[in-house]
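An overview of the molecular structure
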Amino acid sequence: GLVDRLEALSRRIGQQLPYRSSEAIIVILYTDRHFQEFTDSPSWAGGLFDGKIHVAAQRVLLASPEADAALAHEYAHALVHRIAGGHAPTWLDEGLALYFEGRAPSWSETILDRRDTELTPLHALHGSFLSLPPREATLAYAESVSAARALIHRYGWPRVQNLLETLAGPVEFHAAFETALQESYHAFEASWVAVQSHRSL
């Protein structure tokens, strides 16, 4: 059932981001129509995390790769929220959720490599994406997962987890970044932008 699938997802994700809590994660299911109505989310959203996981039931009740991807995405939000105390910037939160969802690198690369794409600086992607128009939202999500992959590749999972734990301080992101990763946020962002620019030549 759904609970077994969630437990399997939590074990899989826990191999990279281990976290133990006695506190249950609450999942609320809606009909598709009621999901938009009750969560007041944009038409392109099918799940929402605000301390509880809210999902459109039709997306997740029947087991399928798409349903498990949607569950993994929202569960990752719940986990990042717990570890970072709700202080992770949106690009990191959404990037890790897309990573655990299993979004292929080619998805973000296709979007970022378009000739007319102008990258939004990561430090401008710290707030909610929910008010963005669909095209800008797609770019923000693509940048998020690309930068999250770069973060994991550059520093490794234990240090990424250390960054999330440091953010629970709470402490400003750039200070937490430097403390946990021994490099400035600006240096990481510049290296990520350089790779994107080089790849799209």
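Quick note: structure is the one above.
My aim in this report is to walk through the structure given alongside it, one point at a time. (Residues numbered from 1 in each chain as written. Predicted model: local features only at pLDDT ≥ 70, side-chain atom pairs only at ≥ 80, totals over all residues. Heavy atoms only, no water.)

**Regarding the overall build of the chain**
- Broken down by element type, the chain carries 10 helices and three strands.
- For the chain, the succession of helices and strands along the chain, N to C, is α-β-α-β-β-α-α-α-α-α-α-α-α.
- Over its C-alpha trace the chain gives a radius of gyration of 17 Å, about what one expects of a compact globule, namely 17 Å for 201 residues.
- Dimensions of the chain, computed from the C-alpha atoms along their principal axes, are close to 45 × 40 × 25 Å. (Helix = DSSP H or I, 4+ residues; strand = E, 2+ residues; numbered from the N terminus. Rg over C-alpha atoms; globule rule 2.2 N^0.38 Å.)

**Quick look at the packing of helix H4 (residues 65-84) against helix H5 (residues 90-101)**
- It is at 8 Å that the axes of H4 and H5 come closest, and there the two elements cross at 140°. By the angle class used here, H4 and H5 are oblique. In this structure, H4 crosses over H5, and the sense of that crossing is right-handed. Residues Ala69, Ala72, His73, Ala76, His77 and Val80 of H4 form the contact with H5, whose own contacting residues are Asp93, Glu94, Leu96, Ala97, Leu98, Phe100 and Glu101. (Axes fitted to C-alpha atoms, helices over the stretch in contact; angles between N-to-C directions. Parallel < 35°, antiparallel > 145°, perpendicular 65-115°, else oblique. Left-handed = near helix turned anticlockwise from the far one by under 90°. Contact = heavy atoms within 4.5 Å.)

**What about the pairing of strand S3 (residues 53-56)?**
- Residues Ile53 and Val55 line one face of S3 and the alternating positions His54 and Ala56 line the opposite face, and both faces are buried.
- As defined by bridge partners, strand S1 (residues 27-30) adjoins S3 across four bridges and the pair is classed as parallel. In the strand pairing of S3, Val27 is matched with Ile53.
- As paired elements, strand S2 (residues 47-49) and S3 share three bridges and run antiparallel to each other. The residue of S3 that forms the bridge with Gly47 is Val55.
- Counting the residues in the hairpin turn of S2 and S3 gives three residues, including Gly51, whose phi is positive at 110°. (Buried < 20%, exposed > 50% of the residue type's maximum accessible area, 1.4 Å probe, protein only. Pairing = 2+ DSSP bridges.)

**A word on the sheet that holds S1**
- Sheet architecture is open: three strands sit in the order S1-S3-S2, paired in mixed fashion. The sheet terminates laterally at S1 and S2, the two strands that pair on one side only. Looking at each pair of strands side by side, their axes are set apart by 15° on average, direction ignored.

**Describing the environment of His126**
- Within the secondary structure, His126 sits in the loop between helix H6 (105-112) and helix H7 (134-155).
- Note: C-alpha distance between His126 and His87 (39 residues apart in sequence) is 9.8 Å.
- Excluding its chain neighbours within four sequence positions, the residues that come into contact with His126 are Pro89, Thr90, Trp91, Phe173 and Tyr185.
- A distance of 2.8 Å separates a polar atom in the side chain of His126 from a polar atom in the side chain of Tyr185. (Polar contact = N/O pair within 3.5 Å; in protein donor to acceptor, adjacent residues only side chain to side chain.)

**So, the environment of Tyr99**
- Within the secondary structure, Tyr99 sits in helix H5.
- Between the C-alpha atoms of Tyr99 and Arg149, which are 50 residues apart in sequence, the distance is 7.4 Å.
- Not counting the four nearest positions on each side in its chain, Tyr99 is found in contact with Gln16, Val145, Arg149, Ile152 and Trp157.

**A closer look at the pattern of salt bridges**
- Taken as a whole and judged by the stated rule, the model has five salt bridges.
- One salt bridge connects Glu101 with Arg103, and the closest N-O pair in it is separated by 2.8 Å.
- Given the relative accessible area of 25%, Arg103 is considered partly exposed.
- Residue Asp116 pairs with Arg135 through a salt bridge whose shortest N-O separation is 2.8 Å. Note that Asp116 is positioned in the loop between H6 and H7 and Arg135 in helix H7, a separation of 19 residues in sequence. Of the two residues examined, Asp116 and Arg135, each falls in the exposed class. (Salt bridge = Lys/Arg side-chain N within 4 Å of Asp/Glu carboxyl O.)

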